[in-house]
Amino acid sequence: MNIDQILGKLNKAQNQAVTAPLGNLLILAGAGSGKTRVLVHRIAWLVTQQQVQPHSIMAVTFTNKAARELRERLSALLDYSISDMWVGTFHGLAHKLLRIHWEQAKIPRDFQILDADDQLRLIKRVQLSLNLDPKAWPPRKTQWFINHKKDEGQRPQYLSAPEGDRYHATMLNIYQAYHDLCVSNGQLDFAELLLLAHETLRDNPPLLQHYQMRFKHLLVDEFQDTNTIQYAWLRLLAGGRECIFAVGDDDQAIYGWRGARVENIQSLQNDLSNTQLIRLEQNYRSTKAILEAANSLISYNNARLGKTLWTASTNEDSVEIYNAYNELNEAEFVVKNILDFSSKNPNLANIAILYRTSSQSQLFEEALLQAQIPYRVYGGVKFFERAEIKDALAYLRLVANPHDDISFERAAGIPPKGIGKRTIDLLKNHAMTEGSSLWQAVATIPSDILGKRAINALETFTKMLESLRNETQGLELFQTVAKIIETSKLPDYYGSLKDGTEIDRQDNLAELVNVSRRFAREYGTVSEVNLDIFLANSALEAEDTANPNTSNAVQLMTLHAAKGLEFPLVFIVGVEEGLFPHQMCFNSPNGIEEERRLCYVGITRAMQKLYLTHAKSRRIYGNEYSHIQPSRFIEEIKGVKGSKDAIPQFKHVPKYQDKNVSNLRIGRRVMHSKFGVGTILNLEGQGSSARAQVHFLRFGTKWLVIAYANLETLD
Ligand code: ATP
Ligand code: MG
């Protein structure tokens, strides 16, 4: 690795940031100006030019996906292994710390992590035990309260409600009871990971000193979205040394609703000594028109630190707005433009569809499916939340701990093995009277309660798990996972379903083995990697583990999830008042400004071409809404606030015309770009939903949506 490779493609300000002498550095710069690039090159420069040991580097970012990308970019730039560096999300690194130092943290070695759903379930249970009606005390609100307190570093025992404030007093009661239950269960929620890791370091001076000595460089991407506890964590680790390298953009602060504090940007300059501020002003990502749209929009926000952003690009004609008559027409428009784009540019991963709320994905998924365009949804049904993965995890958990009753119940039921609901209910009753686990109850339940057949089925099940436990001793993690999944017969079972999901589900089960292998590689530095640790981590990693078969696929995600990413072609869909900005933000000026920043994030993901689409009417949860207003953001991107010069290159797209259906007739020969020559067997439907059944010589008979199929008539 020579210095030219590290410094070669950097402008002056970027170079200054990468090669700055050790000190506190804040890189404050707009979207696409190379902040992440500077952070990656800084690490490469430190390691290769400054003789900094990889293990003295900690780099933190915001999402698992961003962390993975950071690791990939680093590996590509460096010749040697980055496994000694700590590169991850705040949550991931806090988890790693607690895994190693569980004793100092005073938690059980095999502690488990609660994901957001698990947490909500536990809160419901706590409220029930306190006789609090969920209607009067919505558990989600409690969850928000608890997480918010944790993010602020506040423990219930140190808090008290203002005189006479019954609401607050009750919330604190629940918080305390919930906390006690988590402690006795050995469970940590996400916010707890950060808080406990912070306290463990703070209250163990030798431990803190060890890490302060170790980490000579702390680098943070997306700094604008750090919350109180994350910022405290950084300061604690820095311990007054000048070693923080933070990059961020106040215009992209989009997690205020979750406790992020953009003020940390200013605090950093006040709290730390000698913080050098570097600005990057050239945008390398987007065309001129896209950047002007973004700059114009964000000029409507008042709360800004202020930045300049320009581009050398001169491409003017690249932002378009489409006014659809309904949501189906919006999806059709998007699909048609994807087909056009992909005919010139075959890599579908260059295309992103971004939306405000995850429920909007369904519509586009259907349209893409119909058009046979591969796609991938991030953060839709999360990998670890898929039914087949939860089933497999139940088996894994049961091998790790036979007394896990929830897993017992799930695994006993699937694949079907003669253990029905009645059997489980009777077994549960028996276990309850005995005070034992379901597993133990199998051995003690009398046959006059259950009957011989059911007992046999249960015994076969527990024997299988017992021999799995023996057979997997000493195997590597991924071999253990593979063996358990195979023996569970889940792949065979899902394969036999024949409901169109079987291939996906089998792929996902296979992917779980890969996930465990990757996990062992990444966690190799933590003494031992076993099933317990992998299972605890699965909750944390649940966010966005990829299915490997869908890499050449259109990317669907929420605007929040798109932060930090870039795509040549971007569609921002549903740009309507009420949806984006979302109506829940209407009452607060800060809320609208945060939505506007979210729109700015979305626009600045686009490199070459950007479409914003909105519909006049839309079906939401089964109700038809008409006369929907386009988002105020659409007007705002047309002209800078206070300026009379509208940006000319901004253009409305004419209505998308359906393909001329009329020249297709049954019996006609047609040409399809992928399937070749075929003969029309059948036609049905009208307008945009018209379909043709075509018999292709090499591919057999298919139903195609005429509007997307681009059939050319040959006769
Ligand atoms: P965001 O605010 O969206 O996170 P960013 O500031 O982190 O953006 P990067 O993702 O680092 O920006 O860079 C944006 C794009 O510009 C990337 O494709 C990057 O490779 C490219 N880029 C950055 N600096 C240069 C440069 N000096 N020369 C050429 N390309 C560059
Ligand atoms: Mg970035």
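Residues numbered from 1 in each chain as written. Chains lettered and ligands numbered in written order. Predicted model: local features only at pLDDT ≥ 70, side-chain atom pairs only at ≥ 80, totals over all residues. Heavy atoms only, no water.

**Student:** Looking at this structure, how should I read the pattern of salt bridges?
**Tutor:** Two side chains of opposite charge can pair, provided their charged atoms sit close to one another. With the rule as written, the count across this model stands at 25 salt bridges. The partner of Lys-288 in a salt bridge is Glu-292, and the shortest N-O contact between them spans 3.4 Å. Within this pair, Lys-288 and its partner Glu-292 are both found in helix α14 (residues 288-298), separated by 4 residues, close to a single helical turn. Given the relative accessible area of 26%, Lys-288 is considered partly exposed. A salt bridge links Arg-410 to Asp-391; the shortest N-O distance between them is 2.7 Å. With Arg-410 in helix α18 (residues 405-413) and Asp-391 in helix α17 (residues 387-400), this residue pair connects regions lying 19 residues apart in the sequence. The exposure class assigned to Asp-391 is buried, which follows from its relative accessible area of 3%. Members of the salt-bridge network, linked through shared partners, are Lys-150, Arg-155, Asp-189, Glu-192 and Glu-199. (Salt bridge = Lys/Arg side-chain N within 4 Å of Asp/Glu carboxyl O. Helix = DSSP H or I, 4+ residues; strand = E, 2+ residues; numbered from the N terminus. Buried < 20%, exposed > 50% of the residue type's maximum accessible area, 1.4 Å probe, protein only.)

**Student:** Would you mind showing me how to read the pairing of strand β2 (residues 57-61) here?
**Tutor:** Consecutive side chains along a regular strand alternate between the two faces of the sheet. In terms of burial, β2 is a largely internal element, 5 of the 5 residues being buried. Every second residue of β2 is oriented toward a common face, with Ile-57, Ala-59 and Thr-61 on one face and Met-58 and Val-60 on the other, all of them buried. Pairing between β2 and strand β6 (residues 217-220): 4 bridges, direction parallel. The partner of Val-60 across the bridge, within β6, is Val-220. The sheet contact formed by β2 and strand β3 (residues 86-89) spans 4 bridges and is parallel. Bridge pairing in β3 places Val-60 opposite Gly-88. As a crossover connection, the stretch from β2 through helix α4 (residues 64-77) into β3 is right-handed. (Pairing = 2+ DSSP bridges. Right-handed = clockwise from strand over helix to strand, strands pointing away.)

**Student:** When you look at the domain arrangement of the chain in this model, what are you seeing that I'm missing?
**Tutor:** Size of an interface: often given as the accessible area lost when the parts come together. When its domains are assigned, the chain resolves into domain 1 (3-101 + 195-280), domain 2 (112-185), domain 3 (288-382 + 548-646), domain 4 (383-543) and domain 5 (661-713). Counting residues at the interface gives 7 residues for domain 3 and 5 residues for domain 5. In this assembly, domain 3 packs against domain 5 so that about 640 Å² is buried in total across both faces, 55% of it on carbon and sulfur atoms. If you sort the residues of domain 3 by the area they bury against domain 5, Glu-332, Gln-370 and Gln-372 come out on top, with a joint share of 66%. Taken together, the connections running from domain 3 to domain 5 amount to 0 salt bridges. Linking domain 3 to domain 5 there are 0 residue pairs in polar contact (both at pLDDT 80 or more). Of all the secondary structure elements, the ones that give two or more residues to the side of domain 3 that touches domain 5 are α15 (327-344) and α16 (361-370). (Domains from an automatic or database assignment. Contact = heavy atoms within 4.5 Å. Buried area = accessible area lost by both parts, 1.4 Å probe. Polar contact = N/O pair within 3.5 Å; in protein donor to acceptor, adjacent residues only side chain to side chain.)

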